[in-house]
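Breakdown of the fold
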Amino acid sequence: RVNCHNNNKQWYQRRVRELEVCCRSCTLTMAKLQLIAISCLLFLARSDPTVFFREDFADQDGWTSRWVQSEHSGKEFGKLAISAGEFFHDEEKDAGLKTMENARFYGVSSELSTPVESTEGKTLVVQFSVKHEQKIDCGGGYLKLFPSSLDQKDLHGDAPYNIMFGPDICGPSARRVHVIFNYRGKNLLLKKEIRCKDDELTHLYTLIVRADNTYEVRIDNKKEQSGKLEEDWDFLEPKEIADPDATQPEDWDDNPFLDDPEDSKPEDWEQPETIPDPDAKMPEDWDEDMDGEWEPPVIDNPDFKGEWRPKQIDNPNYQGEWEPAMIPNPNYFEDEQLYLQKDIKYVGIDIWQVKAGSIFDNILITDDEDFARNLAKETFEVSAAGEKEKKDAKDEEERKKREEERKAREAAEAAAEAEDEEEDDLDDDESAFAEDAEVESSTDDAEAKAEVKDEL
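Residues numbered from 1 in each chain as written. Predicted model: local features only at pLDDT ≥ 70, side-chain atom pairs only at ≥ 80, totals over all residues. Heavy atoms only, no water.

**Some details on a negative patch on the surface**
A cluster of acidic residues, Glu413, Glu417, Glu419, Asp420, Glu421, Glu422, Glu423, Asp424, Asp425 and Asp427, forms a negative patch on the protein surface. When you line up the elements, Glu417 lands in helix H5 (residues 380-455). (Patch = residues over 30% accessible without salt bridge, like charges linked within 9 Å, V, L, I, M, F, W, Y side chains within 5 Å. Areas by Shrake-Rupley, 256 points an atom, 1.4 Å probe, with all protein chains shown as cover. Salt bridge = Lys/Arg side-chain N within 4 Å of Asp/Glu carboxyl O. Lys, Arg positive; Asp, Glu negative; His and termini not counted. Charge placed at Lys NZ, Arg CZ, Asp CG, Glu CD. Helix = DSSP H or I, 4+ residues; strand = E, 2+ residues; numbered from the N terminus.)

**What to know about the confidence of the model for the chain**
Overall, the predicted model of the chain reaches an average pLDDT of 88, with 84% of residues at or above 70. This stretch, residues 40-45, has a pLDDT under 50; its non-local contacts, to residues over four places away or in other chains, come to 0 contacts. (pLDDT = per-residue confidence, 0-100. Contact = heavy atoms within 4.5 Å.)

**Let's talk about unusual backbone geometry**
Negative phi values dominate among residues other than glycine, just as trans dominates among peptide bonds. If you check the backbone angles, Asn213 has positive phi at about 65 degrees while not being a glycine. Mapped onto the fold, Asn213 is located in the loop between strand S12 (202-209) and strand S13 (214-219). One non-glycine residue, Asn362, lies in positive phi territory at about 55 degrees. Tracing the chain through its elements places Asn362 in strand S22 (residues 358-366).

**Structural notes on the packing of aromatic side chains**
Counted by the stated rule, this structure contains 11 aromatic pairs. Between the aromatic rings of Phe53 and Trp67, the centroid separation amounts to 6.1 Å while the plane-to-plane angle is 85 degrees, which identifies the pairing as edge-to-face. Remark: Trp67 occurs in strand S2 (residues 67-69) and Phe53 occurs in strand S1 (residues 51-55); sequence separation between them is 14 residues. Across this residue pair, the class does not change: Phe53 and Trp67 are buried. Ring centres of Tyr215 and Trp233 lie 4.7 Å apart, and the angle between their planes is 80 degrees; this geometry places the pair in the edge-to-face category. Placement of Tyr215 in strand S13 and of Trp233 in the loop between helix H2 (229-232) and strand S15 (240-242) is noted, with a sequence separation of 18 residues between them. Since its relative accessible area comes to 1%, Tyr215 is described here as buried. Through successive ring pairs, a cluster of aromatic residues spans Phe181, Tyr183, Tyr215, Trp233 and Phe235. (Phe/Tyr/Trp six-rings, centres within 6.5 Å; stacked < 30°, edge-to-face > 60°. Buried < 20%, exposed > 50% of the residue type's maximum accessible area, 1.4 Å probe, protein only.)

Printed below as a string of structure tokens:
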């Protein structure tokens, strides 16, 4: 009995330990599941994009309730209207805000649905489409992002802004994409060249500014330019500058050449610059008593060599061009948040156009570049493909029309030329008949004269 009791006790204790281990394992498993759930929630929170602004003008004339027209004095602003243009994929979906009057300023702005208070640790994406179907030769097609200090009714070209981005065209050579940041009160231009599209189709422009101080510009959802903010804009002062107090040493030799001390002037070098003309002769009617002593005119001396100078040789003591020493720039400071944008409340179109007809659409401001890229695939790329088909069909129709007009014009010219040749032939025949008639008349006259002679 004692052995049986001891065995049961040992079995019970062993089972208790196994249950304890199992409970601890279950507790760890539950903790892991809780961590996984929290991670998933955090991931979902991070992956949910913040859309600060989105405008596709889908409600047609409803845009007037969201966009404010500037009334800045001294500017003649052009009218804007909703239009999809002459060729499109879907007229309703592809409609955008179109400039309507030539040689006008355009100034409208809209408040962001979610103002950007700070982009710290985040990405900022600005994306929109524009179509210049008027074959634009001079005019802007860009957007501006403005701070909360903007007076929408007083929007004008000198109004402070945070970012200016988009195409600008002026003549055949100036066709670039502007990316301008306002940093500490200065507007900084991109030092690289990005050529914009200048055809009559819709094109999508995307600016991505990342929290690692890099950027990317995409056109039609394809990368056109990228790099580092610090390298491609003059955000910061140089780390070193030339010492303003440095002066060139008096014994510094910065002459790369010197006169050859062994060179000497040739004995026959000295010659007058002009000489009397040896071929000149005193005129026969020259009277020295009346005209004075005759002197021949002077001519350039072909043996004149000018001022003699010794030949130049390399200066063995040449030290190069003197440059002041570089010292640390007292105005330099590091900024690890060049990307940072604060207080963006409005987006606006603030441009001048000589020839109107540009259509703005698909405006998006967000913090998620993947969201912007996928949205472009779903909207812009579909519309752009359909638009190009319509444009190609229209171009082909116009080409056939021009070809038919050319053929008709050539046929008319050929018919006119044939008619002219026929008239020339008729004129030649009439001339020939006239000559024959004159010949016959001459023959008759000769015969008549012969008859009179015989009679005589």
